[in-house]
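# Analysis of the macromolecular model
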Amino acid sequence: VSETRAYNNDNTLASISFSGASVGDLSYNWDVNKNKTNEGITGTMSGYGFDVGTSGYDDEDRLVSWQRDDNNLDQAWNLSCYRPIYARSFCRIRTGGIMVC
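Heads up: these notes are all about the structure in this document. The shown structure was predicted, so the numbers you read here are calculated from the model rather than taken from an experiment.

### Some thoughts on the nonpolar core
Of all hydrophobic cores here, the largest spans 5 residues; its members are L13, I16, L26, Y28 and I41. Elements with a contribution of two residues or more to this core: β2 (13-19) and β3 (26-30). In this structure L26 touches A14, S15, I16, F18, G40 and I41, once residues within four positions along its chain are discounted.

### Digging into the pattern of salt bridges
The final tally for this structure, using the stated rule, is 5 salt bridges. For K36, the salt bridge identified is with E39, shortest N-O distance 3.1 Å. Among the residues examined, E39 registers a relative accessible area of 14% and is labelled buried. Taking the shortest distance from any N to any O, the salt bridge between D70 and R68 comes out at 2.7 Å.

### Considering the pairing of strand β4 (residues 36-41)
Burial runs high along β4: 5 of the 6 residues are buried. Here β3 hands over to β4 after 5 residues, with K34 in that stretch at a positive phi of 65°.

### Brief notes about the environment of K34
In this structure, K34 sits in the loop between β3 and β4. The class for K34 is partly exposed, based on a relative accessible area of 46%. Counting along the chain gives 22 residues from K34 to T12, while the straight-line C-alpha distance between them is 7.3 Å. Beyond its immediate stretch of four places on either side in the chain, K34 contacts D10 and T12. Side-chain polar atoms of K34 contact the backbone oxygen of D10, separated by 3.2 Å.

### With respect to the packing of aromatic side chains
Ring pairs (aromatic) are described by centroid distance and by the angle formed between their planes. Under the counting rule described, the total for this entry stands at 1 aromatic pair. Here Y28 and W30 contribute two aromatic rings whose centre-to-centre distance is 6.4 Å and whose plane-to-plane angle is 35°, an arrangement assigned as tilted.

### Details of the side chain of D58
With respect to the secondary-structure elements, D58 resides in the loop between β5 (50-51) and β6 (65-68). Of note is the side chain of D58, whose polar atom sits 2.9 Å from the backbone nitrogen of E60. Polar side-chain contacts of D58 include one of 2.7 Å to the side chain of R62.

Calculation criteria
- Residues numbered from 1 in each chain as written.
- Predicted model: local features only at pLDDT ≥ 70, side-chain atom pairs only at ≥ 80, totals over all residues.
- Heavy atoms only, no water.
- Core = buried A, V, L, I, M, F, W, Y, C linked by side-chain atoms within 4.5 Å.
- Buried < 20%, exposed > 50% of the residue type's maximum accessible area, 1.4 Å probe, protein only.
- Helix = DSSP H or I, 4+ residues; strand = E, 2+ residues; numbered from the N terminus.
- Contact = heavy atoms within 4.5 Å.
- Salt bridge = Lys/Arg side-chain N within 4 Å of Asp/Glu carboxyl O.
- Pairing = 2+ DSSP bridges.
- Polar contact = N/O pair within 3.5 Å; in protein donor to acceptor, adjacent residues only side chain to side chain.
- Phe/Tyr/Trp six-rings, centres within 6.5 Å; stacked < 30°, edge-to-face > 60°.

In structure tokens, the structure reads:
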């Protein structure tokens, strides 16, 4: 089995292709913050790819939901900001004016 990887101009992974066996291929899409928004899978593992949709990441770039291509095991959850008392003085402003503590 041989593997070939392709990358986008911003060095994010675009695809992985296999030859020599019917394993299938992988393809990827990313948002502007380099969060993976889609993973397409063909071949033996088709149906196990996923999409995160427009609300898949929160304002802190944390994954909060995905929909699997075969509609099984779709996931969504709420995350709260954990800030111990001693860390409150270590807040910083990220791109877009979001405060991260």
